Every structure is written in structure tokens, then in C-alpha cells.
Amino acid sequence: MNRIDCTAELEQLLFQIPLFNDLSHNIQLTLLDKLDYAVYEIEKNEVILRQNTICRHLYILLKGKLRVDIIDALGNEVLIEHIVAPRAFATPHLFKKDGTLPATFTVMNEGIFFTATKESVFSLISEHPDILKNFLCITGNCTKCTVTRLHALSHKNVRSRFIVYLFEQKQPDTEVIEIEHNQVQLAEYLCVTRPALSKEINKLVKEGLIRIKGKKVELLQLAELKRMIL
């Protein structure tokens, strides 16, 4: 990582993340003055944070994309998610009693990484209730994402995991889903092999349960798909 200055462009990206979004102009003007921060250029394939290390900073990806993996009890590397900038991440672990990071964060394409010390972040959110409220909302959403992922992995077979994933991605009032992963990424995400996933998807298509075009999946028989995961 190479340390760089925080330009006006990067500062504006900072105000796009939910933690600092919709703040008054006066708070925005003084925000960086109140944080003990650093900004870094990060390179493709660089590991910027490792599983089981201590979380001592607020971490924000201003530009680029990260891959998040955990090593499970059997020593397998499991894909958790991809983080796309601008976004804060690992936020719930900043003030945990056991503040170890549960995952490893690897750069997928070059970008910009912002960090602020735990102490300066605590002072900032203590002074500004709006930022504290945003922080608590983000922490709650992260917990919800973890529960959602575990819900998919709680199903034993490939078909059920894939169908649960589809319903997690589904928006209200539409049966067409645009999935964010390709098949290789999705197989990793669901902890299954790519051939097994491809085979099961083809079966669902042949059975007339779904229709696929690129990354768009149309759910053709909602009731039957729901029955399969009950």
C-alpha cells in the first residue's frame, strides 16, 4: 500500500457512503479534521487485512473492489462476498470486545483505501448523533447480511442453496432477478462445486422452473420453488 493525500474527489466519495451520507455542510467541512486518518493506493491481489487480526480502524474502500474470504474449521477457503466501492466494511468489529476480523480482504482491482483510528471515530460519533445513528444502522445491516448468508448455507443440497440465493436476491413485485455473481463466484459463495451448480441450474431450466439469460433469472413457478426450500 502506498500512502497518498486525500483529494477533494476522494473526500466527495467519502460522503457517498451511508455512514457519512446526508450530513450537514458544516459537519462535512470539519469531518476530516476530526479524524486521525490515512489514505492508500492498493494494488490488485494485495491482501489488505487478514482473518483473525485485530480491527483497530474504520475501513472504507473509496475506489476498487475487494474479495472477502474466510478459512473454515476444515481449512477451506470460503468466499463470503465482494465489496464494491465506495463502502465501509468490517464496521461491526470496530468496537467489539473481541475485535478480531472474521475474514481476509483481498484487492480484486486497484483502488483507494481509507482508514481512521478507532479512537478518533469514537470521538466523532460521540459528538454527532446523526453519525452515531448511521453507524448503528450499518452494524445492524451487516448482521442481517450474515444471517442471510448462513440461511443459504444451512440447506444441504445444491438445488436448495441456489433457490434460497435467488429468493434472497429477489425484489418485491418482480419475478426477474439480476444476480451479482457469475457461476464460478456463485459456486464459491454457496460452497459447492461449479459443475454441480451448473448441473442443477440446467435441471431447473429443463423442468420449467426458471429461465436464464445472462445474469438475469426469471422465476417461472414461484410456489413450486418455495416448496422446495421449506
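Draft legend 1. Spotlight on helix α3 (residues 118–127). Restricting attention to buried positions, one finds in α3 the residues Ser 120, Val 121, Leu 124 and Ile 125. Projected onto a plane normal to the axis of α3, the buried residues spread over an arc of 125° and lie on a single side.

Draft legend 2. Up close: the pattern of salt bridges. Enumeration according to the criterion identifies eight salt bridges in this entry. The shortest N-O distance in the salt bridge between Glu 9 and Lys 63 comes to 2.9 Å. Taken together, the positions of Glu 9 in helix α1 (residues 8–14) and Lys 63 in strand β4 (residues 57–71) put the pair 54 residues apart, joining distant regions of the chain. When its relative accessible area of 49% is taken as the criterion, Glu 9 is described as partly exposed. The class of Lys 63 is partly exposed, set by a relative accessible area of 32%. Between Arg 87 and Glu 81 there is a salt bridge, and its shortest N-O distance comes to 3.2 Å. Looking at Arg 87, the relative accessible area reads 26%, which means it is partly exposed. Each member of the salt-bridge network shares a partner with another, and the members are Arg 159, Glu 200 and Glu 207.

Draft legend 3. Local environment of the packing of aromatic side chains. In the structure shown here, the tally under the stated rule is seven aromatic pairs. Relative to Phe 122, the ring of Phe 95 has its centre 5.9 Å away and its plane inclined at 65°; by these criteria the two rings are edge-to-face. You can see Phe 95 sitting in the loop between β6 (87–89) and β7 (104–117) and its partner Phe 122 sitting in helix α3, a full 27 residues away along the chain. According to the relative accessible area criterion, Phe 95 is partly exposed, its value standing at 32%.

What counts as what
- Residues numbered from 1 in each chain as written.
- Predicted model: local features only at pLDDT ≥ 70, side-chain atom pairs only at ≥ 80, totals over all residues.
- Heavy atoms only, no water.
- Buried < 20%, exposed > 50% of the residue type's maximum accessible area, 1.4 Å probe, protein only.
- Helix = DSSP H or I, 4+ residues; strand = E, 2+ residues; numbered from the N terminus.
- Arc of directions from axis to C-beta.
- Salt bridge = Lys/Arg side-chain N within 4 Å of Asp/Glu carboxyl O.
- Phe/Tyr/Trp six-rings, centres within 6.5 Å; stacked < 30°, edge-to-face > 60°.

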